[in-house]
Amino acid sequence: MNKSFFIYISFSCFLHANILTGLDILEKENFNILYNKDIGLVINHTSLNNKAIHILELLSNHDNIHIKSIFTPEHGLRGNFSAGEKISDVFNEELGIDIISLYGDNKEPKLSDISSLDYLIFDIQDIGSRYYTYISTLTYILNAASKAKIPVIVLDRPNPLGGEIAGPTIYPEFYSFVGMHPIPIRHGMTVGELALMINNELWLPSEKKTSLIIYEIENWNRDFGYFSLSPSPNIPNIETALLYSGMCLIEGTNLSEGRGTKTPFLLFGAPWLDVKKNLNDLNVLDLEGVSFVESNFTPVSIEGMSKYPKYQNQLCYGIKINVVDKDIVNPIKIAVSILKIVHHNHPEEFLFDNNFISKLYGSNNIIKNIMVKDSTTILFDNWKEDSDKFSKQRNPYLLY
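Residues numbered from 1 in each chain as written. Predicted model: local features only at pLDDT ≥ 70, side-chain atom pairs only at ≥ 80, totals over all residues. Heavy atoms only, no water.

## Structural notes on the overall build of the chain
Counted only if it meets this: For helices the rule is a DSSP run of H or I covering at least 4 residues; for strands it is a run of E covering at least 2, with both sets numbered from the N terminus onward. Here, residues are in contact when the closest pair of their heavy atoms is within 4.5 Å.
Of regular secondary structure, the chain possesses 12 helices and 12 strands. Partitioning the intrachain contacts of the chain with sequence separation of at least 6 by distance along the chain shows that 76% fall at a separation of at least 24.

## With respect to empty space enclosed by the protein
This is how it is decided: For cavity detection a 1 Å grid was placed over the protein atoms alone, and a set of points counts as a cavity when a 1.4 Å probe fits there but cannot get out; an open set counts as a pocket when protein lies on both sides within 12 Å along at least five of seven lines, with lining residues being those that have an atom within 4 Å of a point. Grid points are joined across faces, edges and corners, and a volume is the space filled by probe spheres set on the points. Residue classes follow a fixed rule: Ala, Val, Leu, Ile, Met, Phe, Trp, Tyr, Cys and Pro count as nonpolar, while Asp, Glu, Lys and Arg count as charged, and any other residue, Gly among them, counts as polar.
Going through the model one piece at a time under the given rule, you end up with 3 cavities of 30 Å³ or more. A volume near 40 Å³ is recorded for the second largest cavity. Split by residue class, the lining of the second largest cavity holds 3 nonpolar, 3 polar and 1 charged.

## Brief notes about the layout of surface pockets
The space that makes up the second largest pocket amounts to roughly 300 Å³. Lining the second largest pocket are 20 residues, with Glu164, Lys326, Asp327, Ile328 and Val329 positioned closest to its centre. Split by residue class, the lining of the second largest pocket holds 7 nonpolar, 4 polar and 9 charged.

## Re the nonpolar core
For clarity, the cut-off: Among buried residues, those of type Ala, Val, Leu, Ile, Met, Phe, Trp, Tyr and Cys that are joined through side-chain atoms within 4.5 Å constitute a nonpolar core. When a residue's accessible area, from a 1.4 Å probe over protein chains only, is under 20% of the maximum for its type it is buried; when over 50% it is exposed; and in between it is partly exposed.
One finds Leu120, Met247, Leu249, Leu255, Phe268, Phe292 and Ile338 to be the most contacted residues of the largest nonpolar core, which totals 89 residues. Among residues more than four places away in sequence, those in contact with phenylalanine 292 are Leu279, Leu282, Asn283, Leu287, Ile319, Lys320, Ile321 and Ile334. Grouped together as the second largest cluster of nonpolar side chains are 25 residues, Ile39, Ile43, Leu77 and Ile97 included.

## Notes on the confidence of the model for the chain
Counted only if it meets this: pLDDT expresses how confident the predictor is about each individual residue, on a scale running from 0 to 100.
On average, residues of the chain carry a pLDDT of 91, and 91% of them reach 70 or more. Within the model, the stretch residues 6–14 combines pLDDT values under 50 with 20 contacts to residues more than four positions away or in other chains.

## A few points about the packing of aromatic side chains
Convention followed: In this scheme Phe, Tyr and Trp rings, the latter by its six-membered ring, pair at centre separations within 6.5 Å, and the angle between planes marks the pair as stacked below 30 degrees, edge-to-face above 60, and tilted otherwise. Two conditions define a charge sitting above a ring: the NZ of Lys or the CZ of Arg must be within 6 Å of the ring centre, and it must be within 35 degrees of the ring normal.
Across all of its chains, the model carries 9 aromatic pairs by this definition. Look at tyrosine 244 and phenylalanine 265: their rings are 5.0 Å apart centre to centre, the planes differ by 90 degrees, and that puts the pair in the edge-to-face class. On the criterion of sequence distance, the pair formed by tyrosine 244 in helix 7 (residues 238–247) and phenylalanine 265 in the loop between helix 7 and strand 10 (267–270) is long-range, its members being 21 residues apart. Given the relative accessible area of 1%, phenylalanine 265 is considered buried. Among the aromatic side chains, those forming a connected cluster through ring pairs are Tyr131, Tyr132, Tyr134, Tyr244 and Phe265. One residue, lysine 107, lies across the ring of tyrosine 103, its end atom 5.4 Å from the ring centre. In this structure, lysine 107 is placed above the aromatic ring of phenylalanine 177, and the distance from its NZ or CZ to the ring centre is 5.1 Å.

## Things to note about the environment of isoleucine 165
Positionally, isoleucine 165 belongs in the loop between strand 6 (152–155) and strand 7 (166–169). In this structure the C-alpha to C-alpha distance between isoleucine 165 and glutamate 251, which are 86 residues apart in sequence, comes to 22 Å. Those residues within four positions of isoleucine 165 in sequence are excluded, and the remaining contacts are Pro184, Arg186, His187, Ser387, Phe390, Ser391 and Arg394.

## Some thoughts on the pattern of salt bridges
To keep things clear, this is the line we draw: Counted as salt bridges are all cases of a side-chain nitrogen of Lys or Arg within 4 Å of a carboxyl oxygen of Asp or Glu.
Inspection of every chain in the model, using the stated rule, returns 12 salt bridges. Between arginine 259 and glutamate 251 there is a salt bridge whose closest N-O contact spans 2.5 Å. Across the pair, exposure class does not vary: arginine 259 and glutamate 251 are buried alike. Note that lysine 310 is salt-bridged to glutamate 257, the shortest N-O span being 3.2 Å. With lysine 310 in the loop between strand 11 (290–294) and strand 12 (317–323) and glutamate 257 in the loop between helix 7 and strand 10, this pair connects stretches of sequence that are 53 residues apart. Overall, glutamate 257 belongs to the buried group, its relative accessible area being 4%.

Listed below in structure tokens is the structure:
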């Protein structure tokens, strides 16, 4: 394989020096389990060892490991496609491998694409929010494998948001690709743990189980803290990953969530927003761990980040969110408070995308609450009940 390919997808990251991901453990074992096997890889640009070497380069040194197909999630193999941008299948001549998109017309591998494989291997960095679509891709991989009776190897990686549970659980009638399972927005689980839970709780559409092998992380626990990552074009750092767990809800409205700028999810605005009024109301709430400042912006098309952002080339009067203390920030509470205040101050201009906001939130309770002017405390109390219930349900599947 041509090493220029790996240089192109190189990715700057930082993990604590002692942390070994599932990929590092598999590498320590010299990939023995894969010898003389035909494998399919579910990977992207985050599939790196702790020396920032990509899994494709690592495996290229083993002639007796046969990579038959590469499956890629939203944002593509190199992580350079915009959110929602459809990706076509290609044959990569440089690698000599079919690269099959699971974010185009087919979100699940066809049985013809996997029936001859000995293993499917999933190695993608998640960010710990239910509506981040990598977990949905994992679900479809497990589902296809359960039907084809192919073992799945999950190379586990840390949840950068730790183990905290927060936000509402999704109702079944609102399941979609941005939320396929009854889990809170912040689930506090790793991809390996979620794979175990999805498999054993019979949450797969096939209602079957697949054979599952988890390569666990070493030297990591839920209290370890935060580290830098860039799992997709619009999540360049941990502050964005943290706020995304709440601010993604803005996407279900006609507010700009900052796509089309270099700081998406760290600011919001619209051409009609009264910044001073909304800023004052937000500051009165004294929300923990953040501060708010006026920051006007003009969304533009940015290749690989946001091709068609809301209010493209229009001046948006905006508010920037500065993270002051990551340990006490409640991003979901912040986002709901923003929506509540903006609706109150702009009842004519502010609009929900009813279907999408409900899918993101997990129910239409958010619309009901804001439209009838109920206190958001009702929502927050419901989240506590959801968190307590989910905490007990997830316990059997926690590995760390």
